Amino acid sequence: MPDKKTLIDTLEMQRTLSKDEFAELISGYNEENAEYLKEKASETAKRYFDNKIYTRGLIEFTNYCKNDCYYCGIRRSNTRVNRYRLSREEILSCCREGYELGFRTFVLQGGEDVRYSDEEMVCLISSIKETYPDCALTLSIGEKSCESYLAYRKAGADRYLLRHETANAEHYRKLHPDSLSLQVRKQCLRDLKAIGYQVGTGFMVGSPYQTAEHLAEDLLFIKELSPEMIGIGPYLPHHDTPFAGEKKGSMELTLYLISILRLMIPNALIPATTALGTIHPLGREKGILSGANVVMPNLSPVAVRKKYELYDNKICTGDEAAECRFCLQNRMKKIGYEIISARGDFVPMQTM
Ligand code: SAM
């Protein structure tokens, strides 16, 4: 097996590695290799995006969920969650505030809430797109039928975020109850791609039972799917889940994987996630310096922020939308980057 720096050089040139090589690169993590990889990844991000950072206004519009993922704080079985769902007017008011703050992408994220019928979602999507025709709309509402995805797309939704969570079926079993399967999740991602969404997938780093081989499989799955967006963050425990006692993921390994992903898909939109900002006060800045190019400040009303607690100690739960926006703008400025107001669509390689 070649040494790690040679593997990194090969990754940069070929934009992929074999499963064994990825596993070797991951398990062989050390600070020196991480620094070497980070330099290449941040140079690549600069080459494609200069020092520009795209921003997305995140609206966490419901914390009701029919699923029972073992890692997630808003899982169905967590009876201690104070459940909420925002009305259409409340969501539109978040968009209004976001628009004034310069956001041109809104992300509607929520648990899999059965109370929102397809008709209601279509109506909501149409209202947002009619009111803000110059904005992109991203959905992140889990697994749906191909027909539902199609209806949302026809109503104007542009993008869809659905993390695959882990590309290894056995590992998937250990993170989810039997009602959920990797096969269905992968099918949803393929449907979304076929319908013409800009698709985002991703995984948690350091989720319980995860190995370097699993992560290598995640990378190869991402290479094959070729998503426009890739979101990864460290696994963080939530005290009211079956995984409450599990240890959290590593920030260093998350940053290392962001760099690997940047070299794999140089033009991808990769956020420095809230989980990264939660695990370390400068986590998002480190994410950007490792090759990420998107931040997602929260636009949800402050009254509901704490209720969307996927993991313990989630940051930004007390700040108004404007505070979040300007806080991130300053943070980016301090490290030499600039948040821009553009929609920030994915641009295919040949047209860049
Ligand atoms: N229901 C939608 C879905 O499943 O795609 C969107 C909401 S879901 C809560 C968003 C993401 O949060 C998941 O894809 C998962 O990776 C992440 N997440 C959930 N619990 C987490 C935890 N304990 N630590 C870190 N990330 C977590």
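Starting afresh in each chain, residues are numbered from 1 along the sequence in its written order. Selection of residues for local features in this predicted model requires a pLDDT of at least 70, selection of side-chain atom pairs for listing and counting requires 80 or more, and totals for whole chains, interfaces and linings are taken over all residues. Only heavy atoms go into the side-chain values, all of them from the structure, while hydrogens and water stay out.

(A) Geometry of the sheet that holds strand S4 (residues 136–140). When DSSP finds at least two bridges between two strands, those strands are taken to pair. The helix and strand labels rest on DSSP assignments: H or I over at least four residues marks a helix, E over at least two residues marks a strand, and numbering proceeds from the N terminus. Judged by pairing direction, the sheet is parallel, and its six strands sit side by side in the order S2-S3-S4-S5-S6-S7 without closing on themselves. The open sheet has two edge strands with one neighbour each: strand S2 (57–62) and strand S7 (229–234). Within this sheet the neighbouring strands show an average axis-to-axis angle of 20°, counted without direction. As judged from the five bridges shared by S2 and strand S3 (residues 105–110), these two strands associate in the parallel manner. Bridged to Thr62 within S3 is Gly110. The criterion used for residue contact is that any of the two residues' heavy atoms lie within 4.5 Å. The angle between two axes is taken between their N-to-C directions and runs from 0 to 180 degrees, where each axis is a line fitted to C-alpha atoms and a helix contributes only its stretch in contact. Taken strand by strand, helix H10 (residues 251–264) contacts strand S6 (198–205) and S7, and its axis lies near 165° from that of S7.

(B) Just the nonpolar core, in detail. To qualify as a nonpolar core, a set must consist of buried Ala, Val, Leu, Ile, Met, Phe, Trp, Tyr and Cys residues joined through side-chain atoms within 4.5 Å. The classification of residues rests on relative accessible area computed with a 1.4 Å probe and restricted to protein chains. Under 20% of the type maximum is buried, over 50% is exposed, and intermediate values are partly exposed. Residues Phe106, Leu108 and Ile128 are the most contacted members of the largest nonpolar core, which totals 52 residues. At five residues, the largest contribution of residues to this core is made by helix H8 (residues 182–195). Apart from residues no more than four positions distant in its own chain, Leu108 is found in contact with Ile59, Phe61, Ile91, Met121, Leu124, Ile128, Leu137, Thr138, Leu139, Ser140 and Ile141. If you look at the next biggest cluster of nonpolar residues, it comprises 46 residues, including Ile26, Phe203, Leu215 and Tyr311.

(C) How the structure looks around the site of the ligand. The immediate surroundings of the ligand are formed by 18 residues, with Tyr71, Gly110, Arg163, Glu165 and Leu236 found nearest. In protein, a polar contact requires one atom able to donate a hydrogen and another able to accept it; more generally it is a pair of N or O atoms within 3.5 Å, and residues adjacent in sequence count only if both atoms are side-chain atoms. Taking Arg163, its side chain carries an N or O atom lying 2.9 Å from an oxygen atom of the ligand. Leu236 is positioned with one of its backbone polar atoms (N or O) 2.6 Å from a nitrogen atom of the ligand. Residues are grouped as follows: Ala, Val, Leu, Ile, Met, Phe, Trp, Tyr, Cys and Pro are nonpolar; Asp, Glu, Lys and Arg are charged; all remaining types, including Gly, are polar. Looking at the shell around the ligand residue by residue, the classes come out as 10 nonpolar, five polar and three charged. Residues are classed as near a molecule or strand on a simple rule: at least one heavy atom within 4 Å of it.

(D) Main features of the pattern of salt bridges. Salt bridge criterion: a side-chain nitrogen from Lys or Arg within 4 Å of a carboxyl oxygen from Asp or Glu. One pass over the structure, following the stated rule, counts 23 salt bridges. Residue Arg76 pairs with Asp68 through a salt bridge whose shortest N-O separation is 3.6 Å. Asp158 is paired through a salt bridge with Arg343; the nearest N and O atoms lie 3.7 Å apart. With a gap of 185 residues between them, Asp158 in the loop between helix H6 (146–155) and strand S5 (159–161) and Arg343 in the segment after strand S9 (338–340) connect regions that are remote in the sequence. Shared partners join several salt bridges into a network, and the residues in it are Lys129, Asp158, Arg159, Arg343 and Asp345.

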